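The residues making up each chain are set out below.
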Amino acid sequence: MPDVALLIDWENVYYTLRQHTTGPLPSTLSILQAILQKAAEFGPVRVKLAIFGQEVAAQDETLLMALEFTGMEPIAVAQRMSGRLLKGRSDAVLITRALKLLYKERQDIDYWFIVSGDRDLNALCKAIKDEDKHVYLIAGDKSLANELRDSPYLRDDVFLLEDLIPQARWTRTALRADDTQVDKPQPPAELARRTPQRPGRVPARVRTEPPVPAVVPTASPESDKEQRRLAVLLLDQLVALHARAMPRGDFVTSVVPLSQKEASSVLEQRIDAGIDQGTVLAKLEGRARAKAKQMLAPNMSSALVAETIFHLVRVLRRIDTVTSKDTRRIPAVEAVLDPLSRADQPGGLTRGRSQRRLLLETLFNIAEERGAIQTEQVEREGRQITMCWLAEGHPLVVYARQPAASIVHLFNFVASTRAKGERIDWVNQALFAELLSRVEGDALESTMRRAVERGVMRPEEHGKKAGFVIDQTHQEVRTVLGEFDRLNGEVRPAMAALPAGELEALPAPTITTPVVAASSDPAAGVPRKRTRRGRRGGRGRRGGQGPKKAATGDAAD
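Residues numbered from 1 in each chain as written. Predicted model: local features only at pLDDT ≥ 70, side-chain atom pairs only at ≥ 80, totals over all residues. Heavy atoms only, no water.

1. Some points on the pairing of strand 9 (residues 157-160)
Next, step 1: The alternating pattern of strand 9 places Asp157 and Phe159 on one face and Val158 and Leu160 on the opposite face, and all of these are buried.
Next, step 2: In the sheet, strand 8 (residues 134-139) pairs with strand 9 via four bridges, with the strands oriented parallel. Each residue of the ladder has a partner; that of leucine 137, found in strand 9, is valine 158. (Buried < 20%, exposed > 50% of the residue type's maximum accessible area, 1.4 Å probe, protein only. Helix = DSSP H or I, 4+ residues; strand = E, 2+ residues; numbered from the N terminus. Pairing = 2+ DSSP bridges.)

Written as structure tokens, this is what we have:
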């Protein structure tokens, strides 16, 4: 699909809603998501800019949070100079940034969405059309300039804010005769508003579904896609913090900027569904009873979580293996998704090659959203190709690069799909070549050999089949499967938590024994018990003022 650029003049949108609606305004997050959803219908939105004046940002306290949540780049424009309020500066910034993208930075973008209706954009629309690009406008019906409305040469189509945001109480009564949307199907609420009613008859009330903010999600909370996304979010946060679990309240605020209420409720629904389905572990520690104090962690024994993280590690390690000093960027489809989707896997929730390919694409997109994978579009032989590479230092990348990550998750994935009564710590040797050869490349044999040398797994035959058995108590295994405080050797000093056999491996502490002079008295070598000294000593203490007992008094008693 072609790439899309979305440039929003938020000042135009904000004042359009203020002037042409009644009652409370919809949330800023829901407005931005409605605009973003329309642009995403034409392809992946690679560029997302929102230009706004400082006066508007001061009036809308949730603007910056909503922009950060939807992944849009905020561009603040100063509106006051020498104490005077200047208007229309957002248009100049929008035009400048659009031309820079068009001619220099992103010449590959074919679809442009301009969210504004000002006549100042005539020249910009013409410049984009002259480059054989598609231009679409999003604006309010009463704020769209007649030049943009009447000239199809300047734009391909116009989408009205009244149609994208039907929950707002718009003051217009009907579409104008020259409206560009007059011949298009209208939403039920708009049709009901236009349908003439008989005298004395109460008009039928049309029920509209409230807008649900897509917190990363677009499907129901219980769906596999949303639970997979939640597992990756949890893994990302825990690895970044080097923690085994994190409070629920901290997790929500770390994903949703400043815990924006509408988006937080959606994420809370995903967490509740994950706890009910067993994909998320949640428990309260100590005397805490508040829901926000629940300690959350992904349930690595869940089949869905095991399959998700196993394939996520495969995707990241595949990119890491193929990229090198000479080829730092590789084609995402040809070099990553296609080779990995050819491997057949035993069991799992995804059945068939097409479903596995869809799962790999989903995990690739999630990793891209989290910033672990960087992408860019290049043109080769007349077609657009997505090039990808890993973001150095990202928590998910650090996690996937753990020496035993792919092997441990292969065991964990296979164990989660085994039926009850079957041995869950044994994996057929053929599966290593089938599922990890395209991930590790030529280093697969050495990776397996080093894992055996470190004691992560050991060879063992099962019947007449060669295979390996994993050591569940090994430090690397425990680190990959949840003890993230041990990543990169940064282990918290907790001696009791070390497994058996590691205490002997620790260097013995150097103990300095004081030299005691020889004496005929056997008690001379016994160090005297330290006692408290001071002016205000208590009863029976040395230096105190209370009565003292003779040393022979106790013996006499």
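Moving on, there is more to tell.
2. Section: the confidence of the model for the protein
Next, step 1: Averaged over every residue, the pLDDT of the protein is 76; the share at 70 or more is 74%.
Next, step 2: Low pLDDT (under 50) marks residues 491-526, which in the prediction has 20 contacts with non-local residues, meaning those over four places away or in another chain. (pLDDT = per-residue confidence, 0-100. Contact = heavy atoms within 4.5 Å.)

3. Observations regarding the packing of helix 18 (residues 429-440) against helix 19 (residues 444-453)
The relative placement of two packed helices comes down to the angle between their axes together with the axis-to-axis distance.
Next, step 1: One can describe the packing of helix 18 onto helix 19 by two numbers: an axis separation of 9 Å at closest approach and a directional angle of 110 degrees. Comparing the axis directions of helix 18 and helix 19 gives the class roughly perpendicular. Within the contact between the two elements, helix 18 uses Phe432, Ala433, Leu436, Ser437 and Glu440 and helix 19 uses Leu444, Thr447 and Met448.
Next, step 2: Taken together, the residues of the contact of helix 18 with helix 19 sort by class into five nonpolar, two polar and one charged. (Axes fitted to C-alpha atoms, helices over the stretch in contact; angles between N-to-C directions. Parallel < 35°, antiparallel > 145°, perpendicular 65-115°, else oblique. Nonpolar A, V, L, I, M, F, W, Y, C, P; charged D, E, K, R; others polar.)

4. Quick notes on the sheet that holds strand 11 (residues 246-247)
Next, step 1: One open sheet accounts for three strands, arranged 11-13-12; its pairing is antiparallel. Edge positions in the sheet fall to strand 11 and strand 12 (280-283), since each of these pairs with one other strand and no more.
Next, step 2: As defined by bridge partners, strand 11 adjoins strand 13 (residues 295-298) across two bridges and the pair is classed as antiparallel. Following the sheet pairing, proline 247 is matched in strand 13 by methionine 295.
Next, step 3: Relative to strand 13, helix 10 (residues 224-241) is tilted by about 110 degrees, and along the sheet it contacts strand 11, strand 12 and strand 13.

5. Brief notes about the pattern of salt bridges
Next, step 1: Scanning the entire structure with this criterion turns up 28 salt bridges.
Next, step 2: A salt bridge links arginine 97 to glutamate 73, with the nearest nitrogen and oxygen atoms 3.5 Å apart. With a gap of 24 residues between them, arginine 97 in helix 5 (residues 89-105) and glutamate 73 in strand 4 (residues 73-77) connect regions that are remote in the sequence.
Next, step 3: Here arginine 97 falls in the partly exposed class, since its relative accessible area comes to 26%.
Next, step 4: With relative accessibility at 36%, the residue glutamate 73 sits in the partly exposed group.
Next, step 5: Across the pair aspartate 320 and arginine 401 runs a salt bridge whose closest N-O atoms are separated by 3.1 Å. Taken together, the positions of aspartate 320 in helix 13 (residues 303-322) and arginine 401 in the loop between helix 16 (395-400) and helix 17 (405-417) put the pair 81 residues apart, joining distant regions of the chain.
Next, step 6: The exposure class of aspartate 320 is partly exposed, given its relative accessible area of 31%.
Next, step 7: We classify arginine 401 as partly exposed; its relative accessible area is 32%.
Next, step 8: Overlapping salt bridges, with partners in common, bring together Asp3, Arg46, Arg106, Asp108 and Glu368 in one network. (Salt bridge = Lys/Arg side-chain N within 4 Å of Asp/Glu carboxyl O.)

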